[in-house]
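# Fold and contact review
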Amino acid sequence: GGTQKVGTSTVMTSLATESGIPQGQVQGEKASMLALLKISMPLVYSALYLKGKAWSSGSSTDGMSNTASAGLELLTEKIGRKLPYVLNIVLGICAFGVAWQNL
C-alpha cells in the first residue's frame, strides 16, 4: 500500500509547489479529505449493499414484457448484493482513465 502512494504524493507535492501552496496546507487538506472518506465511504458501501439486497430479493417487473422482465430479474440476481463491488470496478475504471489521460 505505501509504495502505491509514492507516485500520487510526489505529483501532488510538485503541483502544490508550482502553484505556491504551502506544504502544511496541502497535508492538512489531504488529512481532512481522508477523514471525510473514512466516515462517508462505509456508509455508502452499506447503503449500496442494503439497496442491492432489497433489489435482488424483491424486484418489481409490473407492466414489462416477459423478455424485459426476465432480463431485469437476471440482472438483479447477478448484481444484487454485489453493488459495492460494482462501485469499486467503476471507480477503478475512472482512476485508470484519469491516470491514462495524465501520462
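Position numbers for residues start from 1 in each chain and track the written sequence from start to end. At least 70 in pLDDT is required for a residue's local features to be given in this predicted model, at least 80 for side-chain atom pairs to be given and counted, and no such filter applies to totals for whole chains, interfaces and linings, which use all residues. As a rule here, side-chain values come from all non-hydrogen atoms in the structure, and water together with hydrogens is ignored.

### Things to note about the overall build of the protein chain
Only DSSP runs of H or I with at least four residues qualify as helices, and only runs of E with at least two residues qualify as strands; both kinds are numbered from the N terminus onward. Check the secondary structure of the protein chain and you find four helices and zero strands. When each of the 103 residues of the protein chain is scored for burial, the buried share is 9%. Any two residues whose heavy atoms approach within 4.5 Å are treated as being in contact. Counting contacts in the protein chain only where the partners sit at least 6 residues apart, residues at least 24 apart contribute 55% of the total. To be clear on the numbers: accessible area is Shrake-Rupley with a 1.4 Å probe, and residue cover counts the displayed protein chains and nothing else. Summing over all exposed atoms, the protein chain offers an accessible surface of approximately 8100 Å²; the carbon and sulfur share of this is 66%. Partly exposed residues are those whose accessible area sits between 20% and 50% of the maximum for their type, while under 20% is buried and over 50% is exposed, using a 1.4 Å probe and protein chains only.

### Regarding the packing of aromatic side chains
Working definition: a ring pair exists when centres of Phe, Tyr or Trp rings (six-membered ring for Trp) sit within 6.5 Å. Plane angles under 30 degrees give stacked, over 60 give edge-to-face, the rest tilted. Scanning the entire structure with this criterion turns up one aromatic pair. Consider the rings of F96 and W100, whose centres lie 5.8 Å apart with planes at 35°: the pair is tilted. Taken together, the positions of F96 and W100, both in helix α4 (residues 83-101) and four residues apart, correspond to about one turn of that helix.

### Points about the layout of surface pockets
By volume, the second largest pocket is sized at about 220 Å³. Taken together, G7, V11, L91, A95, V98, A99 and N102 form the lining of the second largest pocket. Among the secondary structure elements, those contributing two or more residues to the lining of the second largest pocket are α1 (2-19) and α4. Looking at which element gives the most residues to the lining of the second largest pocket, the answer is α4, with four residues. Looking at the lining of the second largest pocket, its residues break down into five nonpolar, two polar and no charged. Space inside and on the surface of the protein is sampled on a 1 Å grid over the protein atoms alone, with a cavity defined as a set of points where a 1.4 Å probe fits but cannot get out and a pocket as an open set with protein on both sides within 12 Å along at least 5 of 7 lines; lining residues have an atom within 4 Å of a point. Grid points are joined across faces, edges and corners, and a volume is the space filled by probe spheres set on the points. For this classification, Asp, Glu, Lys and Arg are treated as charged, while Ala, Val, Leu, Ile, Met, Phe, Trp, Tyr, Cys and Pro are nonpolar and the rest, including Gly, are polar.

### Notes on the environment of S46
Locating S46 in the fold gives a position in helix α2 (residues 23-57). Once the C-alpha coordinates of S46 and L83 are considered, the two residues, 37 residues apart in sequence, prove to be 9.8 Å apart. Think of a polar contact as two N or O atoms within 3.5 Å of one another; within protein, one of them needs to be a possible hydrogen donor and the other a possible acceptor, and neighboring residues in sequence only count if both atoms come from side chains. A distance of 3.0 Å separates the side chain of S46 from the backbone oxygen of L43, its partner in a polar contact.

### Some remarks on the confidence of the model for the protein chain
Confidence scores labelled pLDDT are given residue by residue by the predictor and lie between 0 and 100. Taken residue by residue, the protein chain gives an average pLDDT of 80. The fraction at 70 or more is 83%. At the level of individual helices and strands, the protein chain shows its lowest average pLDDT in helix α3 (residues 66-79), which scores 71, and its highest in α2, which scores 88.

### Quick notes on a nonpolar patch on the surface
Residues enter patches when they are more than 30% accessible in relative terms and free of salt bridges; like-charged ones are connected within 9 Å and nonpolar ones (Val, Leu, Ile, Met, Phe, Trp, Tyr) within 5 Å. Think of a salt bridge as a Lys or Arg side-chain nitrogen and an Asp or Glu carboxyl oxygen that are within 4 Å of each other. There is a patch of nonpolar side chains on the surface, built from M33, L34 and L37 and spanning about 260 Å² of accessible area. Mapped onto the fold, M33 is located in helix α2. When its relative accessible area of 46% is taken as the criterion, M33 is described as partly exposed.

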